[in-house]
Amino acid sequence: MTEAHDTAPIGLIAGGGQFPLLFAEAARAQGRKVVAIAHVNETATELEELADVTVWVKLGQLGKIISFFQREKVREAVFAGTITKTRIFHDILPDFKGLTLWGKIDRRQDDAILRAVAATLEEEGIRVLASTCYLDHLFFPQGVLTRRKPSADQMDDIRFGWTIAREVGRLDIGQCVVVRGRSVLAVEAIEGTDATIRRGGTLAGSGAVVVKLKKPNQDFRFDLPATGVTTIETLAAVKGAVLAVEAGQSLMFDREAMVTAADRAGLVVVGLSENGQGELTY
């Protein structure tokens, strides 16, 4: 994992959720000046209080981002937080730099878009670091986190879903699947994890098993899988049963609150790893 320099300002390209806020706090605790790009209709306004300087942009304003970072002497930056992916169809206002890059991207999926943006930043002298460079403690732990453990049938579903999710990730479609009885009920695409859980859980009726993994060629600079209290609330609302996540390869927010909510709903939350023989352990 790439380490950040100790004293120079660090750029933060922020999406939604709490991840950008946590990053800003952690970076400043390490003595870094945080220079933040906040996205209109996505980023929490609290970021302005946590960052040293903030500018607001619309999705696609890549030239504005680069100019701002260069003016603030930023040579390292991270991506943190979510962007509602459907915004690319109705809420994008690219500047010339953004429009030029967009025209060059032939596969407009997560990794392809983010890699292209990162490559452009690096051409301008702004190195893109792993978003977890100050937040290793947020990685999802291995083991059963709840009072309830997965049953034998649920482990069968986890293994089945793991194989499907890995293949879906290889195609850069999504990171999450919902299964029950070794049947695929929903595959995550542009709608995101919570919508996928609602769709698959509704089809299951009850007992849905959610499996969420990193993509096989996951770039740790952006778009790591993430779960939190909302994930649990969504799964509980559709009477789901299990959340299985790849340990050490995804992010977990508000662990204590998340586990408490899962126990209250009678859910299983488990972090698993895959060995060289393809066997899952927790």
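Shown above is the structure to which this text applies.
Note that the structure is a prediction, hence the values are computed from the model and not measured.

> Would you mind going over the packing of aromatic side chains with me for this structure?
Centre-to-centre distance and the angle between the planes together describe a pair of aromatic rings. Counted under the stated rule, the structure contains three aromatic pairs. Considering the side-chain rings of Phe-19 and Phe-253, the 5.7 Å spacing of their centres and the 45° angle between planes classify their relative orientation as tilted. One end of the pair, Phe-19, is in helix H1 (residues 19–29); the other, Phe-253, is in the loop between strand S12 (251–252) and helix H9 (255–265), with 234 residues separating them in the sequence. For the pair Phe-19 and Phe-253, one class covers both residues: buried.

> I would appreciate a short explanation of the nonpolar core in the present structure.
Within soluble globular proteins, side chains that are nonpolar tend to cluster in buried spots. The biggest cluster of nonpolar side chains holds 25 residues, and the ones touching the most others in it are Ile-10, Leu-12, Phe-23 and Leu-47. Mapped by element, the contributors of at least two residues to this core are strand S1 (10–14), H1, strand S2 (34–39) and strand S4 (76–80). Element by element, the count of residues in this core is highest for H1, at six residues. Look past the residues within four positions of Leu-47 in its chain and what remains in contact with it is Leu-12, Ala-14, Pro-20, Leu-21, Ala-24, Ala-36, Ala-38 and Thr-54.

> Where do I start with the pattern of salt bridges in this structure?
Should their charged atoms come close, side chains of opposite charge can pair. According to the stated counting rule, one finds 14 salt bridges in the structure shown. The partner of Glu-72 in a salt bridge is Lys-33, with the nearest N and O atoms 3.1 Å apart. Of this pair, Glu-72 sits in the loop between helix H3 (62–71) and S4 while Lys-33 sits in the loop between H1 and S2, placing them 39 residues apart in sequence. A salt bridge links Arg-127 to Glu-76, with the nearest nitrogen and oxygen atoms 2.6 Å apart. You can see Arg-127 sitting in strand S5 (residues 127–128) and its partner Glu-76 sitting in strand S4, a full 51 residues away along the chain.

Reading guide: rules and limits
Residues numbered from 1 in each chain as written. Predicted model: local features only at pLDDT ≥ 70, side-chain atom pairs only at ≥ 80, totals over all residues. Heavy atoms only, no water. Phe/Tyr/Trp six-rings, centres within 6.5 Å; stacked < 30°, edge-to-face > 60°. Helix = DSSP H or I, 4+ residues; strand = E, 2+ residues; numbered from the N terminus. Buried < 20%, exposed > 50% of the residue type's maximum accessible area, 1.4 Å probe, protein only. Core = buried A, V, L, I, M, F, W, Y, C linked by side-chain atoms within 4.5 Å. Contact = heavy atoms within 4.5 Å. Salt bridge = Lys/Arg side-chain N within 4 Å of Asp/Glu carboxyl O.

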